[in-house]
Amino acid sequence: MIRPDSLIASVFPDGRVVLRGATWRCALGKGGVRRDKVEGDGATPVGLLPLRRVLYRADRGPAPVCAVPVEPIARNDGWCDDSSHPAYNTAIRLPHDAHHEELWRQDHVYDVIGVLGWNDAPVVRGRGSAIFLHLARPGYPPTEGCIALEAGELRALLAAGVTGFEVVDAG
């Protein structure tokens, strides 16, 4: 649930995040933005995505300043993206018997991760999982459905007090 005093950033299909008149560049899903998001389509879901909490690699930088809870990532943290498993679209500990994402990665994409409230209240099998706010790769290539920004800009957006994202449709 989004509180009335929340700061919601607008996310546009052309790769812009806007909050309080400030604009940041972002990468979105390779499947575009979609109202009918399903697991594996590579799309960023249209709608309100509350920022539930922020995770970060403490060995790669300080905790981000933000308006939501912040926790360090551990080496055995993961996220289940197997729609047939009871832990679908939830944080898990590794090793795990279902298909999953590892949050402790060799690249820097998950050095800061915002857990976005997509398909989590309640979880609906096959509706999509692991929709995060995270660091963009160089050149801003498309994501698997997440919202990604350059490290300094992501930290600035978090420090501005953002508590959620409204992904708008192209139409």
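Note that this is a predicted model, so its numbers are computed, not measured. (Residues numbered from 1 in each chain as written. Predicted model: local features only at pLDDT ≥ 70, side-chain atom pairs only at ≥ 80, totals over all residues. Heavy atoms only, no water.)

Peer 1: So what about the side chain of D81? Which residues, and what values?
Peer 2: Within the fold, D81 resides in the loop between β8 (77-80) and β9 (91-93). One buried charged residue, D81, forms no salt bridge at all, with the nearest opposite charge on R105 at 9.4 Å. A polar contact of 3.3 Å, which involves the side chain of D81, links it to the backbone nitrogen of H100. Once residues lying within four places of it in the same chain are set aside, the contact partners of D81 are E39, Y88, H99, H100, E101 and S129. (Helix = DSSP H or I, 4+ residues; strand = E, 2+ residues; numbered from the N terminus. Buried < 20%, exposed > 50% of the residue type's maximum accessible area, 1.4 Å probe, protein only. Lys, Arg positive; Asp, Glu negative; His and termini not counted. Salt bridge = Lys/Arg side-chain N within 4 Å of Asp/Glu carboxyl O. Polar contact = N/O pair within 3.5 Å; in protein donor to acceptor, adjacent residues only side chain to side chain. Contact = heavy atoms within 4.5 Å.)

Peer 1: Give a detailed account of the pattern of salt bridges, specifying residues and quantitative values.
Peer 2: Tallying each qualifying case throughout the model produces 13 salt bridges. For the salt bridge of R34 with D36, the shortest nitrogen-to-oxygen distance reads 2.9 Å. Two residues, D169 and R35, come together in a salt bridge whose shortest N-O distance is 2.9 Å. Highlighted residues: D169 in the segment after β14 (164-167) and R35 in the loop between β4 (33-34) and β5 (44-45), separated in sequence by 134 residues. Residue classification places D169 among the partly exposed positions, given a relative accessible area of 32%. When salt bridges with common partners are traced through the structure, they connect R34, D36, K37 and D41 into a single cluster.

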